[in-house]
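Structural overview
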Amino acid sequence: QVQLVESGGGLVQPGGSLRLSCAASGSIFKFDSIGWYRQAPGKQRDLVASFINDGSTNYADSVKGRFTISKDNAKNTVYLQMNSLKPEDTAVYYCNSWLGQLVYWGQGTQVTVSS
């Protein structure tokens, strides 16, 4: 059973930064993809950024140039550095991974961007 544990959310002012962490149980090499989704109240859960197993990355258009996904293979951890945060980035952020046809989710971490 794969476990994904997020941390790093919180309240930040517009223009500020946060770094989210997702610690996986076991090697992140095995995943077909691993990354971040977010869900704002009343909206669907959407991709923010992810690694694909060929090493490439995907970003939502709304976060390109502001967010950066990275990973530390030795720590089995994926990060999301979020800069120039906007109120519309407010959401619960979920770590996600795919292994074949199996999908795994973390419990989510709240990010609130407000003055």
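A brief look at the structure comes next. (Residues numbered from 1 in each chain as written. Predicted model: local features only at pLDDT ≥ 70, side-chain atom pairs only at ≥ 80, totals over all residues. Heavy atoms only, no water.)

1. Examining the pattern of salt bridges
Between side chains of opposite charge, a pair can form when the charged atoms approach closely. Applying the stated rule across the entire model yields 3 salt bridges. Between K64 and D61 there is a salt bridge, with the nearest N and O atoms lying 3.1 Å from each other. Classification of D61 by relative accessible area gives exposed; the value is 65%. A salt bridge links D89 to R66; the nearest nitrogen and oxygen atoms lie 2.8 Å apart. Of this pair, D89 sits in the loop between strand 8 (77–82) and strand 9 (91–99) while R66 sits in the loop between strand 6 (57–59) and strand 7 (67–72), and the two are 23 residues apart along the sequence. You can call D89 buried: its relative accessible area is 1%. Three or more residues are tied together by salt bridges with common partners; here these are R38, R66 and D89. (Salt bridge = Lys/Arg side-chain N within 4 Å of Asp/Glu carboxyl O. Buried < 20%, exposed > 50% of the residue type's maximum accessible area, 1.4 Å probe, protein only. Helix = DSSP H or I, 4+ residues; strand = E, 2+ residues; numbered from the N terminus.)

2. Comments concerning a nonpolar patch on the surface
Taken together, the side chains of W98, V103 and W105 make up a nonpolar region of the molecular surface, amounting to roughly 250 Å² of accessible area. Its location among the elements puts V103 in strand 10 (residues 102–105). (Patch = residues over 30% accessible without salt bridge, like charges linked within 9 Å, V, L, I, M, F, W, Y side chains within 5 Å. Areas by Shrake-Rupley, 256 points an atom, 1.4 Å probe, with all protein chains shown as cover.)

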